[in-house]
Amino acid sequence: GKTPVHLRIRESRDYSDWRRDVFIRDKFTCRECGKTHVYIEAHHIKSFSRFPELRFDRNNGLTLCEECHSKTDNFKKG
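Residues numbered from 1 in each chain as written. Predicted model: local features only at pLDDT ≥ 70, side-chain atom pairs only at ≥ 80, totals over all residues. Heavy atoms only, no water.

> How should helix H2 (residues 13-25) be read in this particular structure?
For an α-helix the count is 3.6 residues per turn, leaving residues at separations of three or four pointing the same way. The end-to-end C-alpha distance of H2 is 18 Å, a good match for the 18 Å that 13 residues give at a rise of 1.5 Å each. If you check which residues of H2 are buried, you get Tyr15, Asp17, Trp18, Val22 and Phe23. On its buried face, H2 is in contact with helix H1 (4-10), strand E1 (40-44) and strand E2 (61-65). Taken from the residues just after H2, Lys27 is the one with a positive phi, measuring 55°. (Helix = DSSP H or I, 4+ residues; strand = E, 2+ residues; numbered from the N terminus. Expected span 1.5 Å × (residues − 1). Buried < 20%, exposed > 50% of the residue type's maximum accessible area, 1.4 Å probe, protein only. Contact = heavy atoms within 4.5 Å.)

As structure tokens, this is what we get:
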């Protein structure tokens, strides 16, 4: 979940760089529905909390719009 340690990580430079790299790779486009010019989020394919070794691996990230992100299995669960 979003423990103080996880929140600190999510506010870190490494996390910011990971998000930027995922967005750039995906051309700021939702990989699920293809929407552009909407609010996008970086989604961890393998859970942020259960796979700490993959937190900053850009291959473990997808750009998703809010709507598609809310439909993922691990949305808001860590």
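The rest of the description comes next.
> Teacher, can you tell me more about the pattern of salt bridges here?
When the charged atoms of two side chains lie near each other, side chains of opposite charge can form a pair. For the structure shown, the criterion picks out seven salt bridges. Ionic pairing is found between Arg25 and Asp26, a salt bridge with its closest N-O pair at 2.9 Å. With a shortest N-O distance of 3.6 Å, Glu67 and Lys71 are connected by a salt bridge. Classification of Glu67 as partly exposed rests on a relative accessible area of 43%. (Salt bridge = Lys/Arg side-chain N within 4 Å of Asp/Glu carboxyl O.)

> Got a minute to help me understand the packing of aromatic side chains in this structure?
The full count for this structure, using the stated rule, is three aromatic pairs. Both rings, one in Tyr15 and one in Phe48, keep their centres 6.1 Å apart while their planes meet at 90°; by these two values the pair is edge-to-face. Residue Tyr15 is located in helix H2, and its partner Phe48 is located in the loop between E1 and E2; the two are separated by 33 residues in the primary sequence. Here Tyr15 and Phe48 have matching classes, each one buried. Centre to centre, the rings of Phe23 and Phe28 are 6.1 Å apart; their planes meet at 40°, and the pair counts as tilted. You can call Phe23 buried: its relative accessible area is 9%. Exposure remark for Phe28: the relative accessible area of 45% places this residue in the partly exposed category. One aromatic cluster is present, formed by Tyr15, Trp18 and Phe48 through successive ring pairs. (Phe/Tyr/Trp six-rings, centres within 6.5 Å; stacked < 30°, edge-to-face > 60°.)

> Would you mind showing me how to read the pairing of E1 here?
For a regular strand, the rule is simple: side chains alternate between the two faces of the sheet. With five of five residues buried, E1 lies mostly within the body of the structure. Side chains of E1 alternate between two faces, with Ile40, Ala42 and His44 and Glu41 and His43 buried alike. Where E1 and E2 come together, five bridges link them in antiparallel fashion. Bridge assignment links Ala42 to a residue of E2, and that residue is Thr63. (Pairing = 2+ DSSP bridges.)

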